[in-house]
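Analysis of the macromolecular model
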Amino acid sequence: MHDMSKLKVYYFSPTGGTRRVARRLAERLGALMGAEVEYHPYTLPQERESIPAFCADDIVLWATPVYAGRIPNKTLDYVRQALTHSNTNAIALVTFGNRAYDNALAELVGLMQEGGMRPVGAAAMVTRHAFSNTLGAGRPNEEDFAALDRFAEQVAEKIRSGQPTLLNIPGEAHPEKYYTPLKTNNAPAGFLKAKPTCDSSRCTRCGRCLEVCPMGSIANNDGMPTFDGICIKCQACRLSCPTEAIAFSDEEYLSHVAMIERTFAAPKQPEFYI
Ligand SMILES: Cc1cc2nc3c(=O)[nH]c(=O)nc-3n(C[C@H](O)[C@H](O)[C@H](O)COP(=O)(O)O)c2cc1C
Ligand code: SF4
Ligand code: SF4
């Protein structure tokens, strides 16, 4: 009897889209490979306290949303440190909100290669854009999931065959910059310092938003949130609030959201590399 290999699934998912896609791919792949599936979210600060260690017969599925065309900046060190192990099979998955994934997938696969892993497949899936109710709404849809299932079959076959792997991912593995968000007038939108606000007349002090911040930046002010620390604009707090008490009112941010909703309305397709 030989040991069953493990499929280890790592995902950063402040608003749940990446988690959903990673789980679907992992379920299919786990079943096809006869592998036990382990889920490891690294969304919250306490989930990033220790760096994972992989062994040679693990299969690693690493999933991240695209932020400004790349791997989210505040998670990059953790991802780089985690993605090291000689010859471990690895699958790269990025989710994006129907604008573009730019360099994110090349960056993720590049980190895998530099860490000595063996990237066997890469996918970019369209998900709801956390900034918007319309961009990527209803994605992934049935067609997207069917395409993801075909990708799972191809990945399983590739791992089984052990054939050499060379993925040809568009974009740069070492991009110099992030995507510059623009406003409706095409000038750069400067909202790096923007933070959410809480409308105390709507807040029921349910405490939900206090648990979800990936940066640990929400303090408890007598049951209501205060936003003191770094904000990466992930929207987890806003979208977790049952009474819509949390909002971003920064004009530069809102103008950027209006621009992308107008410019990137046409549905994009998922892309797969094998
Ligand atoms: C700060 C931020 C930056 C983003 N930048 C991009 C981008 O450059 N291109 C894109 O298509 N979507 C972008 N998105 C949309 C996310 O990729 C999309 O909402 C993703 O599914 C979020 O993952 P989650 O639901 O797991 O949190 C961005 C979202 C956020 C919050
Ligand atoms: S405060 Fe900023 S970083 Fe924290 S959950 Fe809200 S949007 Fe995300
Ligand atoms: S989730 Fe909304 S209602 Fe609940 S404490 Fe946070 S702001 Fe208040």
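Quick note: structure is the one above.
Here is a short report on the structure shown in this document.

Each value, and the rule that gives it
- Residues numbered from 1 in each chain as written.
- Chains lettered and ligands numbered in written order.
- Predicted model: local features only at pLDDT ≥ 70, side-chain atom pairs only at ≥ 80, totals over all residues.
- Heavy atoms only, no water.
- Near = heavy atom within 4 Å.
- Nonpolar A, V, L, I, M, F, W, Y, C, P; charged D, E, K, R; others polar.
- Helix = DSSP H or I, 4+ residues; strand = E, 2+ residues; numbered from the N terminus.
- Expected span 1.5 Å × (residues − 1).
- Buried < 20%, exposed > 50% of the residue type's maximum accessible area, 1.4 Å probe, protein only.
- Arc of directions from axis to C-beta.
- Contact = heavy atoms within 4.5 Å.
- Polar contact = N/O pair within 3.5 Å; in protein donor to acceptor, adjacent residues only side chain to side chain.
- Phe/Tyr/Trp six-rings, centres within 6.5 Å; stacked < 30°, edge-to-face > 60°.
- Salt bridge = Lys/Arg side-chain N within 4 Å of Asp/Glu carboxyl O.
- Pairing = 2+ DSSP bridges.
- Axes fitted to C-alpha atoms, helices over the stretch in contact; angles between N-to-C directions.
- Right-handed = clockwise from strand over helix to strand, strands pointing away.

**A look at the site of ligand 2**
Neighbouring residues of ligand 2: Pro 196, Cys 213, Pro 214, Phe 227, Cys 231, Ile 232, Lys 233, Cys 234, Gln 235, Ala 236, Cys 237 and Phe 248. Among the residues forming the shell around ligand 2, the class breakdown is 10 nonpolar, 1 polar and 1 charged.

**Some details on the site of ligand 3**
Taken together, 15 residues lie around ligand 3, and Cys 203, Cys 206, Gly 207, Cys 209 and Cys 241 are the ones closest in. Split into classes, the residues belonging to the shell around ligand 3 amount to 9 nonpolar, 4 polar and 2 charged.

**Re helix α1 (residues 17-33)**
With 17 residues, α1 ought to run about 24 Å at 1.5 Å a step, and its terminal C-alpha atoms sit 24 Å apart, in line with that. Here α1 has its buried residues at Thr 18, Val 21, Ala 22, Leu 25, Ala 26, Leu 29, Gly 30 and Met 33. Buried residues of α1, viewed axially, fall in a sector of 155 degrees; they line one side. At its buried positions, α1 is contacted by β1 (6-11), β2 (36-41), β3 (59-65), β4 (89-96), β5 (118-126) and α4 (142-161).

**Here's the deal with helix α6 (residues 251-263)**
Between its first and last C-alpha, α6 extends 18 Å over 13 residues, near the 18 Å set by a 1.5 Å rise per residue. Turning to α6, its buried residues are Tyr 253, Ser 255, His 256, Val 257, Met 259 and Ile 260. By the N-cap criterion, in which a side-chain oxygen at the helix start approaches the backbone nitrogen of a residue two or three places on, α6 is capped by Asp 250, the distance to Glu 252 being 3.0 Å.

**So, the packing of aromatic side chains**
This model, assessed by the stated rule, comprises 13 aromatic pairs. Consider the rings of Phe 12 and Tyr 42, whose centres lie 5.7 Å apart with planes at 35 degrees: the pair is tilted. Within this pair, whereas Phe 12 is found in the loop between β1 and α1, its partner Tyr 42 is found in the loop between β2 and β3, the two being separated by 30 residues in sequence. Arranged with centres 5.2 Å apart and planes meeting at 35 degrees, the rings of Phe 151 and Phe 272 form a pair that is tilted.

**Comments concerning the pattern of salt bridges**
Under the criterion given, the structure shown has 11 salt bridges. When the shortest N-O distance is used, the salt bridge between Arg 205 and Asp 222 registers 3.5 Å. Placement of the pair is Arg 205 in the loop between β6 (197-198) and β7 (218-221) and Asp 222 in the loop between β7 and β8 (224-227), with a sequence separation of 17 residues. Residue classification places Asp 222 among the exposed residues on the basis of a relative accessible area of 62%. Connected through salt bridges with shared partners, the residues Arg 24, Arg 28 and Asp 149 form a single ionic network.

**Section: the sheet that holds β4**
Each strand in a sheet pairs with its neighbour through backbone hydrogen bonds, running either in the same direction (parallel) or in the opposite one (antiparallel). Ordered by their spatial adjacency, 6 strands build an open sheet running β2-β1-β3-β4-β5-β10, and the pairing between neighbours is mixed. Both edges of this open sheet fall to β2 and β10 (271-273), since each of them pairs with a single strand only. Between one strand axis and the next, the sheet turns by 15 degrees as a mean value, whatever way the strands run. Strands β1, β2, β3, β4 and β5 of the sheet are contacted by α1, whose axis makes an angle of about 175 degrees with β1. Packing against the sheet, α4 makes contact with β3, β4, β5 and β10, and its axis sits at approximately 180 degrees to β5.

**Structural notes on the pairing of β4**
Where burial is concerned, most of β4 is hidden: 8 out of the 8 residues are buried. What joins β3 to β4 is helix α2 (residues 76-82), and the crossover it makes is right-handed. Handedness of the β4-helix α3 (residues 104-114)-β5 crossover: right-handed.

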